Amino acid sequence: KLFLLRIVLSSFVGLVLFAYLLLMVPFIQNGLSKWVAIKLSNQLKTEVSVKQVGFSLFNSLDIQDLLIRDQHKDSLVFAHRLKLRMSDVLFSKTPQLKYIGLDGGKIHLKRNSANWNYQFILDQFKDTATSNKHWGIQKIDFSNFEFIEEDNWIGQKMIFASQNFIANIQSMKGGTIEMDKVTLNKPFYLIANYDGNRPQNERTIIPRKKGSLYFNP
C-alpha cells in the first residue's frame, strides 16, 4: 500500500510539473492570452485585448498589456502588467483573490450623460457583486498609476496619479471598503470644474457644512 501511495503521489506531482512547464511554452501562453481576451470580451460584452498571460504555480496570474474599451470604443482600463494572487486554488471550490498589483496602469471613467462608461461592467457583475465569496482582497499595490474621472454631465474632471499606491484592505462588505493603511509616493491630484451637459432643471444643490468637502452627485 505504501508503494502504491508513492506511485500515486509521484504521478500527481509529475503531472502538475508537466502542466506547469507547458504553461511556460510561448505557443501555449499565446493561446491562453487569446482565450483570456475572448473570455473577458464575451463576459463584459466589449473589446478586450491581452498581449501575454503568465502563470506561476498554483496561485499567481500575470497579464501583460491588458486593454478594456468601453462601449464607445474608448479606452476604459489599460494595464501594462496586472498581477493577481489567489489562495486555495487547488483545495477550495471558491478560491479568493487576495492581491491585486498594477504596473503602468490607467483607468479613465467618463460620462457625457447620466450613465458612466463603466455601467455595463457593473450590470454584468450585478448578481455577484453582492457576494464576497471570491473577494478576500488584502492588499492593492499600484505603480505608475493614473486615474481620470471625466464627468461632462456634471462638469467636473478629476485626475489622481501616483508613482506608488499601496493599500492594506481590512474588510470588504457590500459597497464599503475599509483600509487600515495607505501609502502614497509622489501623488498628484487635480480637480477642475466647468459647465456640464446636465440641464438646469435636473441640477440639485447639496447643502455643505462650513469647512467640509464634497464631490459632485
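My aim in this report is to walk through the structure given alongside it, one point at a time. Everything numeric here is computed off the predicted structure, so don't read it as measured data.

1. Thoughts on unusual backbone geometry
Thought 1: In this model, Asp65 sits at a positive phi of 50°, which is unusual for a non-glycine residue.
Thought 2: As for its position among the elements, Asp65 is in strand β3 (residues 60-69).
Thought 3: With phi around 50°, Asn144 is a residue other than glycine that occupies positive phi space.
Thought 4: With respect to the secondary-structure elements, Asn144 resides in strand β6 (residues 135-151).

2. Thoughts on the pattern of salt bridges
Thought 1: Here the structure, examined in full by the defined rule, presents 5 salt bridges.
Thought 2: The shortest N-O distance in the salt bridge between Arg69 and Glu47 comes to 3.5 Å. Taken as a pair, Arg69 in strand β3 and Glu47 in the loop between α2 (26-44) and β1 (48-49) lie far apart in primary sequence, 22 residues in all.
Thought 3: Of the residues examined, Glu47 reaches a relative accessible area of 35% and is grouped as partly exposed.
Thought 4: Here Arg85 makes a salt bridge to Asp62, at a shortest N to O gap of 3.0 Å. With Arg85 in strand β4 (residues 75-87) and Asp62 in strand β3, this pair connects stretches of sequence that are 23 residues apart.

3. Looking at a nonpolar patch on the surface
Thought 1: Side chains of Ile177, Met179, Val182 and Leu184 sit close together on the surface and give an oily, nonpolar patch of about 340 Å² of accessible area.
Thought 2: Along the polypeptide, Met179 turns up in strand β8 (residues 176-185).
Thought 3: Judged by its relative accessible area of 39%, Met179 is partly exposed.

Calculation notes
- Residues numbered from 1 in each chain as written.
- Predicted model: local features only at pLDDT ≥ 70, side-chain atom pairs only at ≥ 80, totals over all residues.
- Heavy atoms only, no water.
- Helix = DSSP H or I, 4+ residues; strand = E, 2+ residues; numbered from the N terminus.
- Salt bridge = Lys/Arg side-chain N within 4 Å of Asp/Glu carboxyl O.
- Buried < 20%, exposed > 50% of the residue type's maximum accessible area, 1.4 Å probe, protein only.
- Patch = residues over 30% accessible without salt bridge, like charges linked within 9 Å, V, L, I, M, F, W, Y side chains within 5 Å.
- Areas by Shrake-Rupley, 256 points an atom, 1.4 Å probe, with all protein chains shown as cover.

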